[in-house]
Amino acid sequence: MPEILDAVPTDPFADDSAALRYRRTDEGYQVYSIWADGVDDGGKPPEPTEGIIYWGADNRGDLSLDALYWEPPPPPAPVYDEDLMKQLEENTNRISDDADDE
């Protein structure tokens, strides 16, 4: 730890100025804050409401620091659509022809 930080950061939501929580998971580890409700829920985030997680003081759940570094999944691979490409080429040629006529 001293090579990276002088001390473990404190959890700003902990009444006792305790350190951020750390636990091992199947994927590796998790560092989290008890969040605004002040209750250690074991790193579990708030339950989504209609697919959205609300991070309010009224919601039970913890804030995992991996949420701060989340990366969206990569976009899907492009799909070559031959019909669409033909239509694009025809429209490009038509626009070019119209410009030549002017």
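For clarity, every value in this text was computed on a predicted model and none was experimentally measured.

Enquirer: Honestly, a nonpolar patch on the surface in this entry has me stumped. Any pointers?
Expert: There is a patch of nonpolar side chains on the surface, built from Tyr80, Met85 and Leu88 and spanning about 340 Å² of accessible area. Summarising the element assignment, leucine 88 is placed in helix α1 (residues 82-101). Given a relative accessible area of 49%, leucine 88 falls into the partly exposed group.

Enquirer: When you look at the environment of threonine 10 in this model, what are you seeing that I'm missing?
Expert: Structurally, threonine 10 is set in the segment before β1 (21-25). With 17 residues separating them in the primary sequence, threonine 10 and glutamate 27 have C-alpha atoms 24 Å apart.

Enquirer: What is the right way to read unusual backbone geometry from this model?
Expert: One can expect most non-glycine residues to show negative phi and most peptide bonds to be in trans. At tryptophan 35, a residue that is not glycine, the phi angle is positive and equals roughly 70 degrees. Secondary-structure assignment places tryptophan 35 in the loop between β2 (28-33) and β3 (63-64). Phi is positive for glutamate 50, close to 55 degrees, though the residue is something other than glycine. With respect to the secondary-structure elements, glutamate 50 resides in the loop between β2 and β3.

Enquirer: Which parts of the structure should I look at to understand the pattern of salt bridges?
Expert: A side chain of one charge can pair with a side chain of the opposite charge if their charged atoms are brought near each other. Across all of its chains, the model carries 6 salt bridges by this definition. Where aspartate 11 meets arginine 21, a salt bridge forms, and the shortest distance between an N and an O atom there is 3.6 Å. With aspartate 11 in the segment before β1 and arginine 21 in strand β1, this pair connects stretches of sequence that are 10 residues apart. Its salt-bridge partner being lysine 86, residue glutamate 82 comes within 3.7 Å of it at the nearest N-O pair. Within this pair, glutamate 82 and its partner lysine 86 are both found in helix α1, separated by 4 residues, close to a single helical turn. Residue classification places glutamate 82 among the partly exposed positions, given a relative accessible area of 47%. The network of salt bridges with common partners includes Asp11, Arg21 and Asp40.

About the thresholds
- Residues numbered from 1 in each chain as written.
- Predicted model: local features only at pLDDT ≥ 70, side-chain atom pairs only at ≥ 80, totals over all residues.
- Heavy atoms only, no water.
- Patch = residues over 30% accessible without salt bridge, like charges linked within 9 Å, V, L, I, M, F, W, Y side chains within 5 Å.
- Areas by Shrake-Rupley, 256 points an atom, 1.4 Å probe, with all protein chains shown as cover.
- Salt bridge = Lys/Arg side-chain N within 4 Å of Asp/Glu carboxyl O.
- Helix = DSSP H or I, 4+ residues; strand = E, 2+ residues; numbered from the N terminus.
- Buried < 20%, exposed > 50% of the residue type's maximum accessible area, 1.4 Å probe, protein only.

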